[in-house]
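Here is how the chains run, residue by residue.
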Amino acid sequence: MTTATSPRALEHPSREQISLEGVLHALSDAVRLRIVRDLAREGDALSCSYFDLPVTKSTTTHHFRVLRESGVIEQTYQGTAKLNALRKGDLDALFPGLLATVLTAAEAQADRQAAAEGA
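Residues numbered from 1 in each chain as written. Predicted model: local features only at pLDDT ≥ 70, side-chain atom pairs only at ≥ 80, totals over all residues. Heavy atoms only, no water.

A.B. asks: Would you mind showing me how to read the sheet that holds strand β1 (residues 46-47) here?
C.D. replies: The pairing of strands in a sheet comes from backbone hydrogen bonds and takes either a parallel or an antiparallel form. Taken in spatial order, the three strands make up an open sheet running β1-β3-β2, and their pairing is antiparallel. Of all the strands in the sheet, the pair left with one neighbour each is β1 and β2 (73-78). Where helix α2 (residues 30-42) meets the sheet, its contacts fall on β1, β2 and β3 (81-86), and the angle it forms with β3 comes to roughly 80 degrees. (Pairing = 2+ DSSP bridges. Helix = DSSP H or I, 4+ residues; strand = E, 2+ residues; numbered from the N terminus. Contact = heavy atoms within 4.5 Å. Axes fitted to C-alpha atoms, helices over the stretch in contact; angles between N-to-C directions.)

Structure follows, in C-alpha cells:
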C-alpha cells in the first residue's frame, strides 16, 4: 500500500497492487455495488454525505474502506469532506471490460427488481 503522508491522507493501493480477487470481493456486496454505480453514473468525485445508504454510519465507513483498500475507489479530503472517486482508469487498464460489464449487469438486475416490485 502507498504510505500516508499526513494524518488526513488515506492509504490506497498502487495500480500494481490491485488484484482481481480484491476488486471482485469489493463489488460482491450490494451496498458497495450501489456506491460504485452512483460514482459511475455521476462521473465525478462525490462526498460520503451524497450517498443515502440503508446502513449505519459505521457500516457505511466500512464499505468505503473496503472499496478504497481494494483499489476500486480513491478517497481524498477536500476541507472537511471526504470525496470518493471511481478508479476507472486503473480498473480498465488492469481488467479491460470488467467494470463496464459489472455495471451493465447491475443495471439490468436493478431494472428486473424494479419491474418485479411494480408488478
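Resuming the write-up.
A.B. asks: What am I meant to see in the pairing of β2 here?
C.D. replies: Walk down a regular strand and you will see the side chains alternate between the two sheet faces. Relative to β3, β2 runs antiparallel, the two sharing six bridges. Looking at β3, one finds that Thr-76 is bridged to Leu-83.

A.B. asks: In this structure, what is going on with empty space enclosed by the protein? I would like to understand it.
C.D. replies: To find leftover empty space, one rolls a probe the size of a water molecule over the atoms. Under the criterion given, the structure shown has one cavity of 30 Å³ or more. As a volume, the largest cavity reaches approximately 30 Å³. Lining the largest cavity are Val-23, Leu-27, Leu-91, Leu-98 and Leu-99. Elements with a contribution of two residues or more to the lining of the largest cavity: α1 (20-27) and α5 (98-118). Taken together, the residues of the lining of the largest cavity break down into five nonpolar, no polar and no charged. (1 Å grid on protein atoms, 1.4 Å probe; cavity = no way out; pocket = protein on both sides within 12 Å on 5 of 7 lines; lining within 4 Å. Points joined across faces, edges and corners; volume = space filled by probe spheres on them. Nonpolar A, V, L, I, M, F, W, Y, C, P; charged D, E, K, R; others polar.)

Any functional reading would require information that these geometric values do not contain.
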